[in-house]
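Secondary and tertiary structure notes
Chain residues, written in single-letter form:
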Amino acid sequence: QVQLVESGGGSMQAGGSLSLSCAASTSTFSTYALGWFRQAPGKEREFVASISWRGNTKYYADFVKGRFVISRDDAKNMVYLRMNNLKPADTAVYSCAAVPFGVEVITPVGYDYWGQGTRVTVSS
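Presented here is a report on the structure given in the accompanying data block. All values reported here derive from a predicted model rather than from experimental measurement. (Residues numbered from 1 in each chain as written. Predicted model: local features only at pLDDT ≥ 70, side-chain atom pairs only at ≥ 80, totals over all residues. Heavy atoms only, no water.)

Further remarks concern the state of the cysteines. Tallied over the full model, the rule gives 1 disulfide. Disulfide pairing places C22 opposite C96 at an S-S distance of 1.9 Å. Looking along the S-S bond of the C22-C96 disulfide, the torsion reads about 50°, which is the right-handed sense. Here C22 is found in strand β3 (residues 18-25), whereas its partner C96 is found in strand β9 (residues 92-100), with 74 residues between them in sequence. Judged by its relative accessible area of 1%, C22 falls in the buried class. (Disulfide = S-S within 2.5 Å. Helix = DSSP H or I, 4+ residues; strand = E, 2+ residues; numbered from the N terminus. Buried < 20%, exposed > 50% of the residue type's maximum accessible area, 1.4 Å probe, protein only.)

Here's what the structure looks like:
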């Protein structure tokens, strides 16, 4: 089992930036693909970004390309999401997820472990 804990959420004005972090409790962190998802009130959970277990492949949802950056630090068992030029539409609970040896994993059903999420609120 893997425990994931997100942090870094908060409130921000449109156009601002926030950095989210996700800490994982596992001895084999480097073998996990990692993803970020978000869910706004009344909407389905949607894919935001992912990074493969080898770290050489990244995927982004169209609505965050050019604004968000996913990265990982295997030495610290951490995955990050840098969110730039935030928009009110980015308001949601952001969750990180993990799956062993994942490469192209861009749907929620492809992940085995989930964090509880961190809330992001963007005001106009």
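Relative to the helices and strands, K76 is located in the loop between β7 (68-73) and β8 (78-83). Residues K76 and F29, spaced 47 residues apart in sequence, show a C-alpha to C-alpha distance of 9.0 Å.

What follows deals with the packing of aromatic side chains. Counted by the stated rule, this structure contains 6 aromatic pairs. With centroids separated by 5.4 Å and ring planes inclined at 80°, the aromatic side chains of F37 and Y111 adopt a geometry described as edge-to-face. Within this pair, whereas F37 is found in strand β4 (residues 32-39), its partner Y111 is found in the loop between β9 and β10 (113-114), the two being separated by 74 residues in sequence. Comparing F37 with Y111 shows no difference in burial state: the two are buried. When the ring of F37 is compared with that of W114, the centres are 5.0 Å apart and the planes differ by 50°; the resulting orientation is tilted. With F37 in strand β4 and W114 in strand β10, the pair connects residues that are 77 residues apart, well separated along the chain. On the basis of relative accessible area, W114 is assigned to the partly exposed category, the value being 26%. Ring-pair connections join several aromatic residues into one group, and the members of that group are F37, F47, Y111 and W114. In this structure, R45 is placed above the aromatic ring of W114, and the distance from its NZ or CZ to the ring centre is 4.3 Å. (Phe/Tyr/Trp six-rings, centres within 6.5 Å; stacked < 30°, edge-to-face > 60°. Lys NZ or Arg CZ within 6 Å of the ring centre and 35° of its normal.)

Now for the sheet that holds strand β1 (residues 3-7). Spatially, the 4 strands line up as an open sheet ordered β1-β3-β8-β7, and their pairing is antiparallel. Each edge of the open sheet is held by one strand with a lone partner, namely β1 and β7. Here the strands of the sheet are splayed against their neighbours by 15° on average, with no regard to which way each runs. Here 5 bridges tie β1 to β3, and the two strands are oriented antiparallel to one another. Of the residues in β3, the one forming a bridge with V5 is A23. (Pairing = 2+ DSSP bridges. Axes fitted to C-alpha atoms, helices over the stretch in contact; angles between N-to-C directions.)

As a further point, take unusual backbone geometry. One non-glycine residue with positive phi stands out, namely N77, at about 55°. Unlike most non-glycine residues, F101 shows phi in positive territory, near 60°.

This part covers the side chain of N77. Among the structural elements, N77 can be located in the loop between β7 and β8. The class of N77 is buried, set by a relative accessible area of 19%. Setting aside chain neighbours within four positions, we find N77 in contact with C22, A23, A24, T26 and F29. (Contact = heavy atoms within 4.5 Å.)

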